Amino acid sequence: MRSFGMRVIVLAVPDCPNAMLLEERLAQVLDGRRDVSVSRQVSMTSGKRPGRGCTGSPTILIDGTDPFAGPGQSATVSCRLYRDGDGRISGAPSVSQLRQVIGEPAAASGA
């Protein structure tokens, strides 16, 4: 039995204004990809503390790791901002940044 390839988790606080932007960009990157599973989790506990791995909302974890976290970045329930390659600030990683961290699909076998 073959296990699923990459696992992507989107962590966001309820009603995060940038979660939809991240979802839209992820959809562009993952269009037609069957080797990536995506799940969504609310990243705030009932005690108003960030969930495990959430370094701002939205956070994307790829196989359990936040590829955009800076050294020593701590967990928080605040809005998260991302800077693209040109230095522009956005509420989610750019499509180009997502493609870079997610990579190309593995070679299809018999599809």
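Scroll up for the structure.
Residues numbered from 1 in each chain as written. Predicted model: local features only at pLDDT ≥ 70, side-chain atom pairs only at ≥ 80, totals over all residues. Heavy atoms only, no water.

**Student:** Teacher, can you tell me more about the overall build of the protein here?
**Tutor:** Check the secondary structure of the protein and you find 2 helices and 7 strands. Seen in sequence order, the protein has helices and strands lined up from the N terminus as β-α-β-β-β-β-β-β-α. Taking all 111 residues of the protein together, 36% fall into the buried category. For the protein, contacts bridging at least 24 residues in sequence account for 65% of all contacts bridging at least 6. As displayed, the protein has an accessible area near 7100 Å², and 50% of this comes from carbon and sulfur atoms. (Helix = DSSP H or I, 4+ residues; strand = E, 2+ residues; numbered from the N terminus. Buried < 20%, exposed > 50% of the residue type's maximum accessible area, 1.4 Å probe, protein only. Contact = heavy atoms within 4.5 Å. Areas by Shrake-Rupley, 256 points an atom, 1.4 Å probe, with all protein chains shown as cover.)

**Student:** Looking at this structure, I do not really get the sheet that holds strand β1 (residues 6-12). What am I missing?
**Tutor:** In sheet architecture, strand pairing relies on hydrogen bonds along the backbone and comes in two forms, parallel and antiparallel. Strands sit in the order β2-β1-β4 across an open sheet of 3 strands; the sheet is mixed. Either end of the sheet is taken by a strand with one partner, and the two such strands are β2 (36-42) and β4 (59-62). Neighbouring strand axes in the sheet, compared pairwise and without regard to direction, differ in orientation by 20° on average. Pairing of β1 with β2, which is carried by 7 bridges, proceeds in the parallel orientation. Its bridge partner lying in β2, V10 is registered against R40. Of the strands in this sheet, β1, β2 and β4 touch helix α1 (residues 19-30), which is tilted by about 165° from β1. (Pairing = 2+ DSSP bridges. Axes fitted to C-alpha atoms, helices over the stretch in contact; angles between N-to-C directions.)

**Student:** What exactly am I supposed to notice about the packing of aromatic side chains here?
**Tutor:** Aromatic rings in a pair are described by how distant their centres are and how their planes are angled relative to each other. As enumerated under the stated definition, the model contains 1 aromatic pair in all. Considering the side-chain rings of F68 and Y82, the 5.6 Å spacing of their centres and the 90° angle between planes classify their relative orientation as edge-to-face. Here F68 is found in the loop between β4 and β5 (76-79), whereas its partner Y82 is found in strand β6 (residues 82-83), with 14 residues between them in sequence. A relative accessible area of 5% means that Y82 is categorised as buried. (Phe/Tyr/Trp six-rings, centres within 6.5 Å; stacked < 30°, edge-to-face > 60°.)

**Student:** Just checking my understanding: could you explain the nonpolar core for this structure?
**Tutor:** Looking at soluble globular proteins, one finds that nonpolar side chains tend to be buried together. Membership of the largest hydrophobic core comes to 16 residues, with the highest contact counts inside it found for V8, L22, L26, I60, L98 and I102. Elements with a minimum of two residues in this core: β1, α1, β4 and α2 (95-102). For this core, the leading source of residues is α1, giving 4 residues. Ignoring anything within four residues of it in the chain, the contact list for I60 reads V8, I9, L22, L26, T65, D66, P67, F68, Y82 and L98. (Core = buried A, V, L, I, M, F, W, Y, C linked by side-chain atoms within 4.5 Å.)

**Student:** Can you walk me through α2 in this structure?
**Tutor:** Since the α-helix advances by 3.6 residues per turn, residues separated by three or four positions end up pointing in the same direction. What α2 keeps buried is the set V95, Q97, L98 and I102. One side of α2 carries all its buried residues, which in axial view fall inside an arc of 160°. Of the residues in α2, the exposed ones pointing more than 90 degrees away from the buried face are S96 and Q100. If you follow the buried residues of α2, they end up packed against β1, α1, β4 and β6. (Arc of directions from axis to C-beta.)

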